[in-house]
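One-letter residues, chain by chain:
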Amino acid sequence: MKKYNLSLSPIKLGNITLKNRIACSPISLNMSETNGVITDNLISFFSNIAKNSLGMVIVGNACVSNIGKGAANEIVVGKKIHFEQLHKLAKSIKKNGAVACLQIAHMGAQGNTHYTGERVVGPSSYIVPDIGIEAEVLTIEEIKKIEDEYVDAIVQADAAGFD
């Protein structure tokens, strides 16, 4: 283990100290409710990951809206209905000694209406080669709305206890 001393030593990132330098990269399990609310199964999964002496656990692909999802059961953050379970998730990760992080996303032109039932949108017309769906071009107002959804998601994640 001597050659891994650096990996197992604490590191400070801004005002947060990780107990070691081992991180779980972002994982998206597509196990939320269809409205994006986190399930107890997701909480259990990430809690179990955090029990493995990791310094950081990153919950992947938490979308800012249903239109921003790439799959029907992806996590959504930013609305009041999402807060309680998001808070439980952050708490369960931190209870096990890891820093809790959230990857916030919007699929944009990479979305797939066959999985989500939602519009596929992007800043310009684009066809995803492997699925052949053309993204609708966003208006300036729609882009501003997505920007606001990102802010709402970040504020909610912070209030829920994510680092």
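Quick caveat: nothing in here was measured; it's all calculated off a predicted structure.

How each quantity is defined
- Note on numbering: residues in each chain are counted from 1, in written sequence order.
- Since the coordinates come from a predicted model, pLDDT governs what is reported: local features require at least 70, and pairs of side-chain atoms require 80 or more to be given and counted, while whole-chain, interface and lining totals use all residues.
- Excluding hydrogens and water, the side-chain values take into account all heavy atoms of the structure.
- Salt bridge, as applied in this entry: a Lys or Arg side-chain nitrogen positioned within 4 Å of an Asp or Glu carboxyl oxygen.
- Elements are defined by DSSP. Helices are runs of H or I of four residues or more, strands are runs of E of two residues or more, and each kind is numbered from the N terminus.
- Categorising residues by exposure relies on relative accessible area from a 1.4 Å probe, with only protein chains included: less than 20% of the type maximum marks a residue as buried, more than 50% marks it as exposed, and the intermediate range marks it as partly exposed.

Colleague: So what exactly am I meant to see when it comes to the pattern of salt bridges here?
Modeller: Oppositely charged side chains can pair when the atoms bearing their charge come close. Evaluation of the coordinates by the stated rule reveals five salt bridges. In this structure, Arg-119 engages Glu-142 in a salt bridge whose closest nitrogen and oxygen atoms are separated by 3.0 Å. Here Arg-119, found in the loop between helix H3 (113-116) and strand S6 (121-122), pairs with Glu-142, found in helix H4 (residues 140-160); they are 23 residues apart in sequence, far enough to count as distant. We note a salt bridge from Lys-145 to Glu-149, for which the minimum N-O separation is 3.7 Å. Taken together, the residues span about one helical turn, with Lys-145 and Glu-149 both in helix H4 at a distance of four residues. Take Lys-145: its relative accessible area is 52%, and that puts it in the exposed class. What you see here is one network of salt bridges that share partners, running through Arg-119, Glu-136 and Glu-142.

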